Amino acid sequence: MADSSFDIVSKVERQEVDNALNQTVKEISQRYDFKGTDASIAWSGEKILMQANGEERVKAILDIFQTKLIKRGISLKSLDAGEPQLSGKEYKIFASIEEGISQDNAKKVAKAIRDEGPKGVKAQVQGDELRVSSKSRDDLQAVQTLLKGKDFDFAIQFVNYR
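Since we're looking at a predicted model, the values are computed, not measured. (Residues numbered from 1 in each chain as written. Predicted model: local features only at pLDDT ≥ 70, side-chain atom pairs only at ≥ 80, totals over all residues. Heavy atoms only, no water.)

**Looking at the packing of aromatic side chains**
Step number 1: Applying the stated rule across the entire model yields three aromatic pairs.
Step number 2: Centre to centre, the rings of Phe6 and Phe158 are 5.4 Å apart; their planes meet at 90 degrees, and the pair counts as edge-to-face. You can see Phe6 sitting in strand 1 (residues 4-9) and its partner Phe158 sitting in strand 9 (residues 157-159), a full 152 residues away along the chain.
Step number 3: The exposure class of Phe158 is partly exposed, given its relative accessible area of 22%.
Step number 4: Taken together, the aromatic side chains of Phe6, Phe158 and Tyr161 make up a single cluster linked through ring pairs.
Step number 5: The side chain of Arg14 reaches across the aromatic face of Trp43, ending 3.8 Å from its centre. (Phe/Tyr/Trp six-rings, centres within 6.5 Å; stacked < 30°, edge-to-face > 60°. Helix = DSSP H or I, 4+ residues; strand = E, 2+ residues; numbered from the N terminus. Buried < 20%, exposed > 50% of the residue type's maximum accessible area, 1.4 Å probe, protein only. Lys NZ or Arg CZ within 6 Å of the ring centre and 35° of its normal.)

What follows is the structure in structure tokens.
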């Protein structure tokens, strides 16, 4: 019998991020506390740019955006938002969406699987993802349960379950 396996990845659906951003734009345009403030959120290349005429307002935009991401099922661990910066008369926050598992993070996950997971489960780093394989599907499900219980500082998803 061949080994069963699954991949651990850290991917974000760009369309869902786009939808959350569009919902945030709509809410900003309708909210009374943002009337006449030139508050905005938009893509700026690969980053998301939030700007407003006050530090509290730009933080409020970030808060609205985070709420919309959560409602769309996107982990906030994949959002890397900077601190508000004063630029002229406006405050700006640049945020980026982190994807892929770095080598260091993949090693952390592999070590957790080796140390606490069932015996006979192998984890191999393949680029920006991690392949976990075992002869027993029950062991693979135990590994998924174990990793869901861990609090890594990056988002993980399980794909290609075979």
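**What to know about the packing of helix 3 (residues 103-116) against helix 4 (residues 137-149)**
Each pair of packed helices can be summarised by the angle the axes make with each other and by the distance between the axes.
Step number 1: In the contact formed by helix 3 and helix 4, the axes pass within 11 Å of each other and the chain directions differ by 120 degrees. In terms of their interaxial angle, helix 3 and helix 4 are classed as oblique. Considering how the two elements wind past one another, helix 3 and helix 4 form a crossing that is right-handed. Only Val143, Leu146 and Leu147 of helix 4 make contact with helix 3, whose side of the interface consists of Val109, Ala112, Ile113 and Glu116. (Axes fitted to C-alpha atoms, helices over the stretch in contact; angles between N-to-C directions. Parallel < 35°, antiparallel > 145°, perpendicular 65-115°, else oblique. Left-handed = near helix turned anticlockwise from the far one by under 90°. Contact = heavy atoms within 4.5 Å.)

**Quick look at helix 2 (residues 55-71)**
Step number 1: Over its 17 residues, helix 2 runs 25 Å from end to end, which matches the ideal 24 Å to within 8%, given 1.5 Å per residue.
Step number 2: When helix 2 is considered as a whole, its buried residues turn out to be Val58, Ile61, Leu62, Ile64, Phe65, Lys68 and Leu69. Taken around the axis of helix 2, the buried residues stretch over an arc of 160 degrees, which confines them to a single face. Counted as exposed and oriented over 90 degrees from the buried face of helix 2: Glu56, Ile70 and Lys71.
Step number 3: On its buried face, helix 2 is in contact with helix 1 (14-30), strand 2 (40-44), strand 3 (47-52), strand 4 (79-81) and strand 6 (90-97). (Expected span 1.5 Å × (residues − 1). Arc of directions from axis to C-beta.)

**Structural notes on helix 4**
Step number 1: The terminal C-alpha atoms of helix 4, which comprises 13 residues, lie 19 Å apart, in line with the 18 Å expected from a rise of 1.5 Å per residue.
Step number 2: Those residues of helix 4 hidden inside the fold are in contact with strand 1, helix 3, strand 8 (129-134) and strand 9.
Step number 3: Of the residues flanking the start of helix 4, the one acting as N-cap is Ser136, its side-chain oxygen 3.2 Å from the backbone nitrogen of Asp138. (Polar contact = N/O pair within 3.5 Å; in protein donor to acceptor, adjacent residues only side chain to side chain.)

**Examining the packing of helix 1 against helix 2**
Step number 1: Interhelical geometry of helix 1 versus helix 2 gives an angle of 135 degrees and a closest axis separation of 9 Å. With respect to each other, helix 1 and helix 2 are oriented oblique. Here helix 1 and helix 2 pass one another in a crossing that is right-handed. Contact with helix 1, carried on its side by Val17, Ala20, Leu21, Gln23, Thr24, Glu27 and Ile28, involves Ile61, Ile64, Phe65, Lys68 and Leu69 of helix 2 and no other residues of that element.

**Observations concerning the pattern of salt bridges**
Step number 1: One pass over the full model with this rule turns up twelve salt bridges.
Step number 2: Notably, a salt bridge pairs Asp7 with Arg131, separated by 2.4 Å at the nearest N-O pair. Of this pair, Asp7 sits in strand 1 while Arg131 sits in strand 8, placing them 124 residues apart in sequence. Like Asp7, the residue Arg131 is buried in the burial classification.
Step number 3: Of the charged contacts in the structure, one is a salt bridge between Glu16 and Arg72, with a shortest N-O distance of 2.7 Å. Of this pair, Glu16 sits in helix 1 while Arg72 sits in the loop between helix 2 and strand 4, and the two are 56 residues apart along the sequence. (Salt bridge = Lys/Arg side-chain N within 4 Å of Asp/Glu carboxyl O.)

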